[in-house]
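Single-letter residue listing:
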Amino acid sequence: MDPIGVTAAASSNPSKSGAFLLIEDDEPLRASLAVLLEAQGFRVLEAGDGLDAMAHLAADAPIAMIVLDLQLPRLTGWEFRERQLANPTWAAIPTIVLTGASLTADEMKWLAAKTVLTKPFLFEGKKRMRQAETGMKELKNSVDTLIAIPNQRLLSIAGRNMP
């Protein structure tokens with residue numbers, strides 16, 4: 001069972017031979033996503049900021065996919081992505097951008113990401129949901145694949161008491 005579409009996101013590396021590098025400064029969200037990925041049989045490396053993530057890349061660990069938050073401390077997701085794209089080996093790693101920010105089509109093209117995941121919680125209101133849905137419609141023209149995981153679904157799978 002693939003409750004959140006992780007298998008589709010990892011279709012460029014179905015062998016699961018490498019790890020997911022999960023770069024997210026929100027520890028409870030990072031832990032929830034790690035549990036979900038591990039439940040699908042993926043190994044997960046975690047980083048709380050862009051500098052820690054760069055250390056994982058520099059260590060030459062086999063990485064099949066990167067899940068990148070853009071709003072990070074120390075080295076932002078934007079800065080991480082710029083460094084990643086400057087290295088041909090690292091640039092070849094498929095990257096999923098996970099953000100609550102609204103991105104323009106130009107920003108999406110610059111990120112050159114495989115996917116953008118963004119969908120607000122129900123408690124954030126209808127206005128925020130409309131903004132996310134409008135953004136996703138625009139992004140569909142700029143990305144290879146777009147997978148939307150409602151944050152509310154993550155809560156229902158992982159539970160509110162998730163660390």
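For the structure itself, consult the block above.
Residues numbered from 1 in each chain as written. Predicted model: local features only at pLDDT ≥ 70, side-chain atom pairs only at ≥ 80, totals over all residues. Heavy atoms only, no water.

**Examining helix H3 (residues 50-58)**
And step 1. Within H3, burial applies to Gly50, Ala53, Met54 and Leu57. Each buried residue of H3 sits inside an arc of 105 degrees when the element is viewed along its axis, so together they form one side.
And step 2. Among the residues of H3, the N-terminal cap falls to aspartate 49, whose side-chain oxygen and the backbone nitrogen of leucine 51 are separated by 2.9 Å.
And step 3. Aspartate 60 sits one or two positions beyond H3 and adopts a positive phi of about 60 degrees. (Buried < 20%, exposed > 50% of the residue type's maximum accessible area, 1.4 Å probe, protein only. Helix = DSSP H or I, 4+ residues; strand = E, 2+ residues; numbered from the N terminus. Arc of directions from axis to C-beta. Polar contact = N/O pair within 3.5 Å; in protein donor to acceptor, adjacent residues only side chain to side chain.)

**Quick look at the side chain of arginine 30**
And step 1. Of note, arginine 30 is situated in helix H2 (residues 27-39).
And step 2. Setting aside residues up to four positions removed in sequence, arginine 30 forms contacts with Leu22, Glu24, Asp25, Glu46, Ala47 and Gly48. (Contact = heavy atoms within 4.5 Å.)

**Some words on helix H4 (residues 77-86)**
And step 1. All buried positions along H4 are accounted for by Gly77, Phe80, Arg81 and Gln84. Seen end-on, H4 carries its buried residues on one side only, within an arc spanning 95 degrees. Exposed and facing more than 90 degrees away from the buried side of H4 are Glu82 and Ala86.
And step 2. Lining the buried residues of H4 we find strand E1 (19-23), H3, strand E3 (63-69), helix H5 (88-91), strand E4 (95-98) and helix H6 (105-111).

**Remarks on the nonpolar core**
And step 1. Counting 21 residues, the largest nonpolar core has Leu21, Ile23, Leu57, Ile63, Ile66, Leu68 and Phe80 as the members making the most contacts within it.
And step 2. Looking at this core, the elements that each hand over two or more residues are E1, strand E2 (43-47), H3, E3 and H6.
And step 3. One finds Leu33, Val44, Met65 and Leu98 within the second-largest nonpolar core, a separate group that totals 11 residues. (Core = buried A, V, L, I, M, F, W, Y, C linked by side-chain atoms within 4.5 Å.)

**A few points about unusual backbone geometry**
And step 1. Even without glycine at this site, aspartate 60 takes up a positive phi of about 60 degrees.
And step 2. Within the element layout of this structure, aspartate 60 appears in the loop between H3 and E3.
And step 3. By relative accessible area, aspartate 60 is classed as exposed at 64%.
And step 4. Of note, the phi angle at arginine 74 is positive, near 60 degrees, even though the residue is not glycine.
And step 5. Examined against the element boundaries, arginine 74 turns out to sit in the loop between E3 and H4.

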